[in-house]
Amino acid sequence: DELRQLSRKGFINNEVRRKVWPLLLGCDDDAHDAESKTNNDQQQVNQKHSYYDQIKKDTIRSMHHFDVTKSYTLTERQHQQQALERILNGIFGKSENIGNLHYTQGFHDLCSVFYIVCGEDLGQRLSENLAKRHMRDLVRENMNVYQFILKLLFPLLSLCDAQLYEQCFSDQDIQSMFALSWLITWFAHNIENFDDITRLYDFFLSTHPLMPLYFSVSLIIHGCKEQLLHIKRTAEYGLDQGRLHQFFQEYDWNINYDQIIMEADRIFERYPPHDLYRQFFIDELSKNVPKDSPFLARNVAEIENMKNKYSLHSLTFSWNPQNPKFWKFVVFGTSMAVIAVAMYNQNYTGGN
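Definitions and limits used
Residues numbered from 1 in each chain as written. Predicted model: local features only at pLDDT ≥ 70, side-chain atom pairs only at ≥ 80, totals over all residues. Heavy atoms only, no water. Helix = DSSP H or I, 4+ residues; strand = E, 2+ residues; numbered from the N terminus. Buried < 20%, exposed > 50% of the residue type's maximum accessible area, 1.4 Å probe, protein only. Contact = heavy atoms within 4.5 Å. Phe/Tyr/Trp six-rings, centres within 6.5 Å; stacked < 30°, edge-to-face > 60°. Lys NZ or Arg CZ within 6 Å of the ring centre and 35° of its normal. Core = buried A, V, L, I, M, F, W, Y, C linked by side-chain atoms within 4.5 Å. Axes fitted to C-alpha atoms, helices over the stretch in contact; angles between N-to-C directions. Parallel < 35°, antiparallel > 145°, perpendicular 65-115°, else oblique. Left-handed = near helix turned anticlockwise from the far one by under 90°. Nonpolar A, V, L, I, M, F, W, Y, C, P; charged D, E, K, R; others polar. Arc of directions from axis to C-beta. Expected span 1.5 Å × (residues − 1). Polar contact = N/O pair within 3.5 Å; in protein donor to acceptor, adjacent residues only side chain to side chain. Salt bridge = Lys/Arg side-chain N within 4 Å of Asp/Glu carboxyl O. pLDDT = per-residue confidence, 0-100.

S.K.: Any chance you could break down the overall build of the chain for me, citing the residues and the numbers?
M.R.: Helix and strand content of the chain: 17 helices and 0 strands. Every one of the 352 residues in the chain was classed for burial, and the buried ones make up 52%. In the chain, 74% of the contacts between residues at least 6 apart in sequence involve partners at least 24 apart.

Below, the structure is given as structure tokens:
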């Protein structure tokens, strides 16, 4: 718990992260054990698994984005790309993971952060545990869960800032797809400053898997509001989907991360996941979010590798008092009971 609180301010430097991140992801073996385990795992890797070609394409395009990678020589960049490719193949080609973990574009962005901070051996173990924990839904056969989570962005925004939502996002033609890369890469696809990215990873690794959604809402309110309202007022065609996409493509990520993280925490405390699910789309929850989704964890302490069921899956049960349907049944049942008693009394009185 103390580590999770410290994460709000960041873990200072990468030397500290190499010690703390494994604790947060449940792989706190020492470096020698990590290296031995990785070498043993690589012996069980299917080097021509179904995602091999896509991984190669994605890694060739990697190691260009972050500020710390822009100074690489061609040889250095190729070396880094090859290491990242080995990490990804070591995860998705491992015999025990084939059929259970499915590579999705964007996961290589996550892995690149762990590799740059922790090196190849520990970086692979952290990336694999992340895939089995916080990012379990990213490595499924489809993106259905993330499509559902994206639908929560605007409702949460409307709870936090009704004015901004009404003026900029209430149009049905405006979609939240601009935030997909934020959620599936934890902003690694968007932010170039590597110190800022590692700061965010400190925060996200220490908090509920849905926290990137809360951070996204906090970002829109405290990092984008005035600019978005200005575009809405002054642009010839207002703020449409194309202009919104362009705005975030050109967005200056030199923002106050302390404030936005602090506000994300406050929003989470005020509208925790179970309340958010109950208030919006409760009927769609069980259809789109499987019971083993970490998004259904009550808190981050519940997160485990490939856990088969999380607490909040019971929200969809009609008999659960936290499900709004429960109270409809209670009211209906009570009403029927009252009517039955009234009819009985009427009949009884009439008979006498």
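From this point on, the discussion continues.
S.K.: Could you give an account of the packing of aromatic side chains, naming the residues involved and the relevant values?
M.R.: Within this structure, the stated rule accounts for 29 aromatic pairs. Between the aromatic rings of Phe 247 and Phe 248, the centroid separation amounts to 5.0 Å while the plane-to-plane angle is 75°, which identifies the pairing as edge-to-face. Each member of the pair, Phe 247 together with Phe 248, is buried. The ring of Phe 281 has Lys 151 lying over it, and the distance from NZ or CZ to the ring centre is 4.7 Å.

S.K.: If you had to explain unusual backbone geometry to someone new, which residues and values would you point to?
M.R.: The phi dihedral of Met 63 is positive, around 65°, even though this residue is not glycine. Here Met 63 is to be found in the loop between helix H4 (52-60) and helix H5 (74-92). One non-glycine residue with positive phi stands out, namely Phe 281, at about 60°.

S.K.: Pulling in residues and values, what's your account of the nonpolar core?
M.R.: By size, the foremost hydrophobic cluster in this structure holds 105 residues, and its most contacted members are Trp 21, Phe 107, Phe 169, Phe 215 and Tyr 277. Setting aside anything within four residues of it in sequence, one finds Tyr 277 in contact with Phe 148, Ile 149, Leu 152, Leu 210, Ile 282, Leu 285, Phe 295, Leu 296, Leu 312 and Leu 315.

S.K.: Provide a residue-level description of the packing of H4 against H5, including the pertinent values.
M.R.: Where H4 meets H5, the closest approach of the two axes is 9 Å, and the angle between their N-to-C directions is 150°. In terms of axis orientation, H4 runs roughly antiparallel to H5. Crossing of H4 over H5 shows right-handed handedness. Contact residues: H4 offers Tyr 52, Ile 55, Lys 56, Thr 59 and Ile 60, while H5 offers Gln 81, Leu 84, Glu 85, Leu 88, Asn 89 and Phe 92. Looking at the contact of H4 with H5, its residues break down into 6 nonpolar, 3 polar and 2 charged.

S.K.: Give me H4: which residues, what numbers.
M.R.: Where H4 is concerned, the buried positions are Tyr 52, Ile 55, Asp 58 and Thr 59. One side of H4 holds all its buried residues, which, seen down the axis, span an arc of 130°. Buried-residue contacts for H4 involve H5 and helix H6 (107-132).

S.K.: Pulling in residues and values, what's your account of H5?
M.R.: Along an α-helix, residues three or four positions apart point the same way, because every turn accommodates 3.6 residues. End to end, H5 covers 27 Å across 19 residues, agreeing with the expected 27 Å (1.5 Å per residue, within 8%). Burial in H5 covers these residues: Arg 77, Gln 80, Gln 81, Ala 83, Leu 84, Glu 85, Ile 87, Leu 88, Asn 89, Gly 90, Ile 91 and Phe 92. The inward-facing, buried residues of H5 contact H4 and H6.

S.K.: Tell me about the side chain of Gln 81, and name the residues and values.
M.R.: Tracing the chain through its elements places Gln 81 in helix H5. The exposure class assigned to Gln 81 is buried, which follows from its relative accessible area of 12%. A polar side-chain atom of Gln 81 sits 3.0 Å from the main-chain carbonyl oxygen of Ser 62. Look past the residues within four positions of Gln 81 in its chain and what remains in contact with it is Thr 59, Ile 60, Ser 62, Met 63 and His 64.

S.K.: Give me the lowdown on the pattern of salt bridges, citing residues and values where you can.
M.R.: Pairs can form between side chains of opposite charge once their charged atoms are near each other. As enumerated under the stated definition, the model contains 17 salt bridges in all. As a salt-bridge pair, Lys 56 and Glu 85 come within 3.0 Å of each other at their nearest N and O atoms. In this pair, Lys 56 is assigned in helix H4 and Glu 85 in helix H5, connecting sequence segments 29 residues apart. On the basis of relative accessible area, Lys 56 is assigned to the partly exposed category, the value being 32%. When its relative accessible area of 12% is taken as the criterion, Glu 85 is described as buried.

S.K.: Could you give me a rundown of the confidence of the model for the chain, with the residues and numbers involved?
M.R.: When pLDDT is averaged along the chain, the result is 87; 84% of the residues meet or exceed 70. Throughout residues 326-334 the model reports pLDDT below 50, and contacts reaching past four residues in sequence, or to other chains, amount to 6 contacts.

S.K.: Explain the side chain of Gln 80 to me, and be specific about the residues and the numbers.
M.R.: Turning to its location among the elements, Gln 80 is positioned in helix H5. Sequence-distant contacts of Gln 80, defined by excluding residues within four places in its chain, comprise Met 63, Tyr 72 and Tyr 115.

S.K.: For the packing of helix H12 (residues 211-234) against helix H14 (residues 257-270), give the residues involved together with the corresponding values.
M.R.: In the contact formed by H12 and H14, the axes pass within 8 Å of each other and the chain directions differ by 120°. By the angle between their directions, the pair H12 and H14 is classed as oblique. Along this stretch, H12 crosses H14, giving a crossing that reads as right-handed. Residues Met 211, Tyr 214, Phe 215, Val 217, Ser 218, Leu 219 and His 222 of H12 pack against Tyr 257, Gln 259, Ile 260, Ile 261, Glu 263, Ala 264, Asp 265, Ile 267 and Phe 268 of H14.

S.K.: Provide a residue-level description of the environment of Asn 97, including the pertinent values.
M.R.: Looking at the secondary structure, you find Asn 97 in the loop between H5 and H6. For the pair formed by Asn 97 and Glu 128, sequence separation is 31 residues and the distance between their alpha carbons is 9.5 Å. Residues in contact with Asn 97, not counting those within four places in the same chain, are Ile 91, Glu 128 and Lys 132.

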